[in-house]
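Understanding the architecture of this molecule
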Amino acid sequence: MTPHTTSTLIACAFTSILFATTALADDCRLGRVATADFTENGLIIVPVTLDGTREPMALDTGAPLSAVDPVVAKNLGLIEKRMFQAVYNANGEVVTYLAVVHNLGIGDMHGNDVKMIVWPSPMTKDGRIAGTLGADLLRNYDIDIDFGARRLSLFSQEHCPGRVVYWTNDNVAVVPIHVVNSGHIVLPVKLDGHDVDAILDLGSSRSQVSMEFAHDLFGLESNSPGMEQVGAVSGSVQTAVYRHTFKSLSVEGLTINNPTFYIWDNLVKYSATQAPPTGSRLNDLRESEGHTDVTLGLAELNQLHVYIAYKEQKLYMSAASAPVTVASSAAPAAPASSAPAATPSAPAAPH
C-alpha cells in the first residue's frame, strides 16, 4: 500500500460521517462543523477523543498522514493492522502498522473507524501528545486558527469562493496556495527580497531552511557571520543545526521583521535518494514537487489569524484577535516546545 492509498483510506473513513450542522443555506454562510480551544507552546495541541478517551493531539499540516503514538495505541487497545507495504518517516524509521480508532472526536464532530498510522517509536519523551492530526484529515475542511484566542475551528468547504473572512473588517492577506498530492501546502513568500516557495508546516515549532538553499541563494556557510550552531539532528546521517536571523519575511503584504530560521543539510532529500522506492510517510519529492527547502513554522505565524481553504487553495491571514488572559493560578502547565522526535538542543527533523 502506498502512502497515497493509506491517506485515501483515512480520509474516506472520516468524511463519510454526516453532520447536521454542515447544511448550508443559499446565502453562502460558513458552516462550522467543529471548534476546540488549543494550547500552543511549540505545537498546536488540541483535545481529541479516541474511543471515548480524551487525548492531546498536535495539529500538523506538514504531515500527510495522521499518526498515533505506539504507547497510546497499546494503552487504549486500538486494533492494529499490518500494512501491505512498509513506508518510512523522515528519520528513516519503518512504519508498518495502522491503528483503527472506532470513534474519533474533535469538539462536537465525530468520525467512525478512522485509520491512523502507528508511529514506530514514542513521539515525545514526556508523552505530552498522543498523536498528530495530518493533512489526510485536515484537507477535507477549511481550517481556521485564531492564535490570539487559542481557538481552532473546522468549517465545511461548501461555501462561496472567497466568502470566508468572518473575524475582521480590516485588511486580510489572501495568498494563493498549491496543495500537492501529499497534502503539503506550498505558498509563495519573499525572504530578504527573494521570491521562494515554502511549505506551511503548523506541526513545526520553528521555520527551517536547507543548508543547500541558504548557500545557493544567500551565500551562507557554517562559519558565516550570524550563523550560530545550536545542536544537531539525526536521520539517515547526523548533521549540525544552525540558527540565522534574516531581515524580513513577506507574504502578500504581511511583513515579519527579523525572522529566525534554523538551517541544516536537507536530510529529506538525502533520505529520498537512499530509501527503498516504497516512499516516505512524510515526504515524496516527486509528489511534493521538490518544495522542501523552506518551511514556515509556528514561530512566524503565532501572532496571526490563519484560515486555510484547502479546496479553494487560498490562505487568508490577518492580525490575531486579542490574546486570551488566563489567571496565573489557573494556567495549565505549558507543554515542552520541541516537536515529536526532536532533541532538546535542536528543532525537529523536517517533515
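How each quantity is defined
Residues numbered from 1 in each chain as written. Predicted model: local features only at pLDDT ≥ 70, side-chain atom pairs only at ≥ 80, totals over all residues. Heavy atoms only, no water. Helix = DSSP H or I, 4+ residues; strand = E, 2+ residues; numbered from the N terminus. Buried < 20%, exposed > 50% of the residue type's maximum accessible area, 1.4 Å probe, protein only. Contact = heavy atoms within 4.5 Å. Disulfide = S-S within 2.5 Å. Salt bridge = Lys/Arg side-chain N within 4 Å of Asp/Glu carboxyl O. Polar contact = N/O pair within 3.5 Å; in protein donor to acceptor, adjacent residues only side chain to side chain. Core = buried A, V, L, I, M, F, W, Y, C linked by side-chain atoms within 4.5 Å. Phe/Tyr/Trp six-rings, centres within 6.5 Å; stacked < 30°, edge-to-face > 60°. Lys NZ or Arg CZ within 6 Å of the ring centre and 35° of its normal. Pairing = 2+ DSSP bridges. Axes fitted to C-alpha atoms, helices over the stretch in contact; angles between N-to-C directions. pLDDT = per-residue confidence, 0-100.

1. Section: the overall build of the protein
Scanning the protein from N- to C-terminus turns up five helices and 24 strands. Out of the 351 residues belonging to the protein, those deemed buried represent 52%. Considering only residue pairs separated by 6 or more positions, the protein has 68% of its internal contacts joining residues 24 or more positions apart.

2. Brief notes about the state of the cysteines
Taken as a whole and assessed by the stated rule, the structure comprises one disulfide. Through a disulfide, Cys28 is tied to Cys160; the S-S separation comes to 1.6 Å. Between Cys28 and Cys160, the S-S torsion sits near -40°, and that sign places the bridge as left-handed. Placement of the pair is Cys28 in the loop between helix H1 (3–15) and strand S1 (32–37) and Cys160 in the loop between strand S11 (151–155) and strand S12 (173–176), with a sequence separation of 132 residues. Residue class for Cys28 comes out buried when judged on its relative accessible area of 17%. Taking relative accessible area as the criterion, Cys160 reaches 25% and is therefore assigned partly exposed.

3. Brief notes about the pattern of salt bridges
Charged atoms that come close allow side chains of opposite charge to pair. By the definition in use, this model includes five salt bridges. Measuring nitrogen to oxygen at the nearest pair gives 3.6 Å for the salt bridge that ties Arg150 to Glu40. Here Glu40 lies in strand S2 (residues 39–40) and Arg150 lies in the loop between strand S10 (142–146) and S11, a separation of 110 residues in the sequence. The class for Glu40 is buried, based on a relative accessible area of 16%. Between Asp195 and Lys190 there is a salt bridge, with the nearest N and O atoms lying 2.7 Å from each other.

4. With respect to the environment of Leu65
With respect to the secondary-structure elements, Leu65 resides in the loop between strand S4 (53–59) and strand S5 (67–68). Residue classification places Leu65 among the buried positions, given a relative accessible area of 1%. With 51 residues separating them in the primary sequence, Leu65 and Met116 have C-alpha atoms 7.2 Å apart.

5. Side note on the side chain of His305
For His305, the location among the structural elements is in strand S23 (residues 304–309). Classification of His305 by relative accessible area gives buried; the value is 2%. Only 2.6 Å separates the side chain of His305 from the side chain of Asp144, close enough to count as a polar contact. Among all residues touching His305, those that are not within four sequence positions of it are Asp144, Ile145, Asp146, Tyr166, Trp167, Tyr316, Met317, Ser318, Ala319 and Ala320.

6. Comments concerning the nonpolar core
Ranked by internal contacts, the top residues of the largest apolar core, which has 65 residues, are Ile44, Ile143, Ile145, Leu187, Leu202, Ile308 and Leu315. Setting aside residues no more than four positions away along its own chain, Leu187 makes contact with Val175, Pro176, Ile177, Val196, Asp197, Ala198, Ile199, Leu200, Val251, Leu296 and Leu315. Of all hydrophobic cores here, the second largest spans 13 residues; its members include Leu43, Val87, Trp119 and Ile129.

7. Quick look at the packing of aromatic side chains
Evaluation of the coordinates by the stated rule reveals nine aromatic pairs. Aromatic pair Phe213 and Phe218: ring centres 6.0 Å apart, planes at 65°, arrangement edge-to-face. The lysine or arginine in question, Arg206, covers the ring of Tyr262, its NZ or CZ lying 5.0 Å from the ring centre.

8. Here's the deal with the sheet that holds S1
Taking strand neighbours across the sheet as the criterion, the six strands line up as S1-S11-S10-S23-S24-S12 in an open arrangement whose pairing is antiparallel. Looking at the sheet topology across the chains shown, the edges are occupied by S1 and S12. Each strand axis lies, on average, 15° off the axis of its neighbour in the sheet, ignoring direction. Two elements, S1 and S11, share five bridges in a ladder whose sense is antiparallel. Considered in S11, the bridge of Thr35 is made with Ser153.

9. Remarks on the confidence of the model for the protein
Across the protein, the average pLDDT comes to 79, with 74% of residues at or above 70. Here residues 1–25 is modelled with pLDDT under 50, and outside its nearest four sequence neighbours on either side it reaches 57 contacts, counting other chains as well. For residues 270–291, every residue scores under 50 in pLDDT, and the model assigns this stretch 56 contacts once sequence neighbours within four places are set aside.

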